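Structural description and commentary
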Amino acid sequence: MSTKRWNLVALGCLHLLLIIPNGSPAIRSTRSPVQFNPDKRRVQDIRPLHYNLSLETIVDLENPKGILKGVVTIQLRIWIETRTIVLGVNGLKVGPKIWLIRRNTGGRVTVKTLFKEPNQHQFTIEFNSLLWLGEEYDLILEFSGQMSRTNRGYFTQHYMDENNKEQWVAVTQLAPNMASSVFPCFDASYRTPISLHLAHYRKMQVVSNMPILRTTEHEDLYYVWTTFNETPSMTVQQLSFSINQFKIQDSPESRPSIKTWLRPEKVDQAAYAIGLSPKLIDYFVDLFKMPYPVTKLDQMVLPDIGLHSQDYAGFVSHPESLFLFSEKHATAPSKEEVATHLAKEFAHHWFGNLVHAGVFWLAEGLAGYLAGFAVDQIEPTWRHHETHLATVTFIVLNEDSRASAQPVRFAHGVGPMASELLAYQKCSVLFRMLHSLVGTEVFVNSVRRYMKSSLKESSNQTLLWIYFQGESDRVLSLRQDIRVSPLMESWTLQPGYPLLHVERNYKKREVSIYQQRFLRNPKGSATGRKPINRQHCWYIPLTFTTASKKSWAHTLPSDWLTCSHVSAGDALKLVEVAQPDEWVIFNLRLSAPCRINYDDRNWQLLSEALTGENPTQIDRLSRAQLLDDVLNLAAAGVVGYDLAFSFLRFLKEENEFIVWQAASGNLEWLFRQLQKTPIFIVFKNFMRGILEAKFNEFFQSEESVEPSGGSDNSEKYHMKTIVLHLACETNMAPCEKLAIKLFSQMNVTQNTIPVDQRETIYCTAIRLGTEADWTELRKLYKTSKVSGERSMILKALCCSRDTWALEKMIRWAFTGSNMNKEDVLKIFTAVVQNPVGYQLAKNYLIENIYSIKTFYSFYTDQIAALLSALMETITKQSELDSMEKFMSKDLKDLLGIEHTSRRLLELGNDNIAWHKNNLIKVMNSVCNLTGSIDPHCI
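In this report, the structure presented in the accompanying data block is examined. (Residues numbered from 1 in each chain as written. Predicted model: local features only at pLDDT ≥ 70, side-chain atom pairs only at ≥ 80, totals over all residues. Heavy atoms only, no water.)

**Quick look at the sheet that holds strand 28 (residues 572–574)**
Spatial ordering of the open sheet is given by 28-24-23-30, a layout of 4 strands whose pairing is mixed. Whereas interior strands pair on both sides, the edge strands pair on one side only; in this sheet they are strand 28 and strand 30 (595–598). Between one strand axis and the next, the sheet turns by 25° as a mean value, whatever way the strands run. Bridge count for strand 23 (residues 498–505) against strand 24 (residues 510–517) is 8 bridges, and the pairing is antiparallel. Across the sheet, Val 502 pairs through a bridge with Ile 513, a residue of strand 24. Sitting on the sheet, helix 9 (residues 600–610) is in contact with strand 23 and strand 30, with an inclination near 105° to strand 30. (Pairing = 2+ DSSP bridges. Helix = DSSP H or I, 4+ residues; strand = E, 2+ residues; numbered from the N terminus. Axes fitted to C-alpha atoms, helices over the stretch in contact; angles between N-to-C directions. Contact = heavy atoms within 4.5 Å.)

**Looking at the packing of helix 3 (residues 360–378) against helix 6 (residues 440–453)**
Taken N-terminus to C-terminus, the directions of helix 3 and helix 6 make an angle of 140°; their axes are 14 Å apart at the nearest point. Relative to helix 6, the element helix 3 is oriented oblique. Between helix 3 and helix 6 lies a crossing of left-handed hand. Only Phe 443, Val 447 and Tyr 450 of helix 6 make contact with helix 3, whose side of the interface consists of Leu 362, Leu 366, Tyr 369 and Leu 370. In terms of residue class, the contact of helix 3 with helix 6 is built from 7 nonpolar, no polar and no charged. (Parallel < 35°, antiparallel > 145°, perpendicular 65-115°, else oblique. Left-handed = near helix turned anticlockwise from the far one by under 90°. Nonpolar A, V, L, I, M, F, W, Y, C, P; charged D, E, K, R; others polar.)

**Digging into the packing of aromatic side chains**
Tallied over the full model, the rule gives 42 aromatic pairs. Seen in terms of ring centroids, Phe 288 and Trp 350 are 5.4 Å apart; in terms of plane orientation they differ by 50°. Their pairing is tilted. In this pair, Phe 288 sits in helix 1 (residues 271–288) while Trp 350 sits in the loop between helix 2 (332–348) and helix 3, placing the two residues 62 residues apart along the sequence. For Phe 288, a relative accessible area of 1% translates into the label buried. Judged by its relative accessible area of 4%, Trp 350 is buried. Members of the aromatic cluster, connected to one another through ring pairs, are Tyr 641, Phe 645, Trp 669, Phe 671, Phe 680, Phe 683, Phe 686 and Trp 914. Between the NZ or CZ atom of Arg 47 and the centre of the ring of Trp 79, over which it lies, the distance is 5.3 Å. (Phe/Tyr/Trp six-rings, centres within 6.5 Å; stacked < 30°, edge-to-face > 60°. Buried < 20%, exposed > 50% of the residue type's maximum accessible area, 1.4 Å probe, protein only. Lys NZ or Arg CZ within 6 Å of the ring centre and 35° of its normal.)

**Some thoughts on helix 13 (residues 680–700)**
The end-to-end C-alpha separation of helix 13 is 26 Å, well short of the 30 Å expected for 21 residues at 1.5 Å each. Of all the bends in helix 13, the largest measures some 45° and sits at Leu 691. Burial in helix 13 covers these residues: Phe 680, Val 682, Phe 683, Lys 684, Phe 686, Met 687, Ile 690, Leu 691, Lys 694, Phe 695, Phe 698 and Phe 699. Its buried side turned inward, helix 13 meets helix 11 (641–648), helix 12 (657–674), helix 14 (715–729), helix 15 (733–744) and helix 25 (897–930). (Expected span 1.5 Å × (residues − 1). Bend = angle between axes of the 7 residues up to and from the residue.)

**Quick look at the pattern of salt bridges**
A side chain of one charge can pair with a side chain of the opposite charge if their charged atoms are brought near each other. Counted under the stated rule, the structure contains 36 salt bridges. One salt bridge in this structure joins Arg 263 and Glu 265, with 3.6 Å as the shortest N-O distance. Arg 263 sits in the buried class, given a relative accessible area of 10%. According to the relative accessible area criterion, Glu 265 is partly exposed, its value standing at 21%. Between Glu 471 and Arg 474 there is a salt bridge whose closest N-O contact spans 2.8 Å. Of the two residues, Glu 471 and Arg 474 both sit in helix 7 (residues 461–475), 3 residues apart, roughly one turn of that helix. Exposure remark for Glu 471: the relative accessible area of 7% places this residue in the buried category. Taken together, the shared-partner salt bridges connect Glu 386, Arg 589, Asp 619, Arg 620 and Glu 656 into one network. (Salt bridge = Lys/Arg side-chain N within 4 Å of Asp/Glu carboxyl O.)

**Quick word on unusual backbone geometry**
Note the cis peptide between Gly 95 and Pro 96, where omega equals 10°. Locating Pro 96 in the fold gives a position in strand 7 (residues 93–102).

**Topic: the sheet that holds strand 18 (residues 241–244)**
Two strands in a sheet stick together by hydrogen bonds in their backbones, pointing the same way (parallel) or opposite ways (antiparallel). Pairing is antiparallel across the open sheet formed by 4 strands, whose spatial order is 12-13-18-15. Each end of this open sheet is capped by a strand with a single partner; those strands are strand 12 (153–160) and strand 15 (205–208). Averaged over all pairs of adjacent strands, the angle between strand axes in this sheet comes to 15°, irrespective of strand direction. Alignment of strand 12 against strand 13 (residues 166–173), held across 8 bridges, turns out to be antiparallel. If you follow Gly 153 over to strand 13, its bridge partner there is Gln 173.

Everything listed is a geometric property; what it means functionally is a separate question.
Below, the structure is given as structure tokens:
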């Protein structure tokens, strides 16, 4: 094949550039060689007006990861006279051809010197002549470079097709700061039209933000040029394109025209998402009262992608795991996950002005919150928005309680994955709080006004709060002294969240309330030292009800806790709240992301109500929050475990999925902490007593439960899945018997196990079974073509108590061909959480760290996810010290590892602190509640 790539390429309205392979430019240029001067700085005020980008992708046996070559013409205007132009260049080689042409005369401005600032990813060009104020120029740059080694920037993804032949797809993910790794460009905050020309293999297809304008011949017979229509004004980070051999599926009668690009063998699993897409688009068109920004939408469904593309209207990419759904083999929650993912991605398409790093968290949070309403509109029986936001709130309260938590405004889309995701989730929860305060009319009108205005000006959170304030003032939805900006910024500009202490004076019927930051480990930090004592305060809307009122639907605040109430001495007092024999509950329907601690008597009144004859007198969301709060407060040493475990007793009569889900998350954490301790047997016996009634209700009356095929979305069905999992995890004999029976009846051609229960059944059967059972399940993995089912089987194979099986799984994960990296993490985590597998997984990681870093292309976030699984299982200081030494020695070459290491060490340190401070308390509480005569209880 010829290696000559360039011919005559149109690069602007007025100019043609002739590039000769391995030769000199048609116009001679005299300049100094490139100089590296990291200390030199230049100030500029230059605005790009248009990009004309010609780019060739070269992927073959010699370059399996891919290289790129290109030429970009940037039309620009000078706003301040200068001799220098500074561009973003991240990992690219610029030159040898660099020209600047005056548009009004056609004359060239010669280059004086060039220098690089690698730490800032900048490239500075200094010219011999002054660039004139108000004049326009064409900057023409030739460049080349390697395609990205991670799933960011412009990268290739290799996969095996249905004929077991290796194929590749090239795709971009430029937001929020990767455009400069593809071509030299200015700051991402500028919005300009972009003309794109792609040179690619003739046999492959291309797709971008805009429709194809024309296809022309290339000098190389194996290649062609594809030119796309010019984009509307957009940032360079929003530019998206792909080269692939996928199959195209149309969404019928959709406006805009929607095409879905995916692997041919996956088409039969795409029907649900393809049919859902136009419905979601229609919902957002109506919600925003703005038409879809362009006339077409192309959806790329990718085999394996670590980070989801931050999409722009006209182009979006999805990982297969979040787009494909099989009615026969996928679980009901996975169907809901597909709908939620699509709704969030499509909501982004109206937020084109919010892609730069400074407001990245705002776009993600707002899109995530609004997506819930879209899902409710399409699938109303799920009650998705309520249950999903409650689940997200519990996740935020758990993760944001660490000393290393960062304010959401620090999330720019470039930090560690865990902290970035937490920021987006927390932002969604904050929008939920604001919505409940101002009402739907004010909320929707504010968002609409903000979106329309930001089409013409730069955006930030202050501008959004201004629109909310204006709409709120119009209808008087907030108390006059409560202003939106300080209210919301008290949550976005500082880390963590408050713990509200509610103390009642029963004689005077008064309640005193004060706030302080809630920390999971208040006595220590990531380094084992006491955290810095900073004064934190939040604007907190106070909603409450009592045993006599039971007014759960009313979520407008009765009062406010502000920054004038930051200590017990300055507590807010409420009068005439409740009778002495009545319970009081604050923060109705999780209206604010905070935890509540009551005085002992009120806790006791609540416990009696929940374990009495009518526990449903307390709203289901409040029941879930009470359970989540009391277990986490016990873990932090705020209340005792006697109180916390007494609340678990009401689960015997609980029939709401959201309450069981809150309980399950906390119990899973306790199981992991206790599984290597002597008390674990007693604790499992305690939990079996709680779970027995529900398990018998769900399973003993019908030993063979009808399969759902993922179509039964009732909360009862979800509850059954949770109860089955907890029952088998506590070694309940009827559960283990059921698992073995159902597994023995299964084979590769017939599987009657209900889809949502398969993970628990598989895991339990493998844990109790033989090598033949393990081999049979692996056969099922090889025959399955559904990614969700394959992931489920992989995790179940890691439940074996045989070290040979766990060693095989670890090796398979990191050395197997084309293993999905998400599945690699699931395998590694499952082995770590297996009591037999922790040391095995740790040793493998340490002994093979270089090959693992290479496997992940030295991508810090993905390697940190492996370490996180280990840190969450650490219980001894010696283990933490060895991991700290390992990270400082063997991971020091990873980008951003310093911040990531602090966050990871905190996970281990918090576990150690919990074992030191709480293990004896847990033991005493469980022994007292069960009356056990176990030797550890005597």
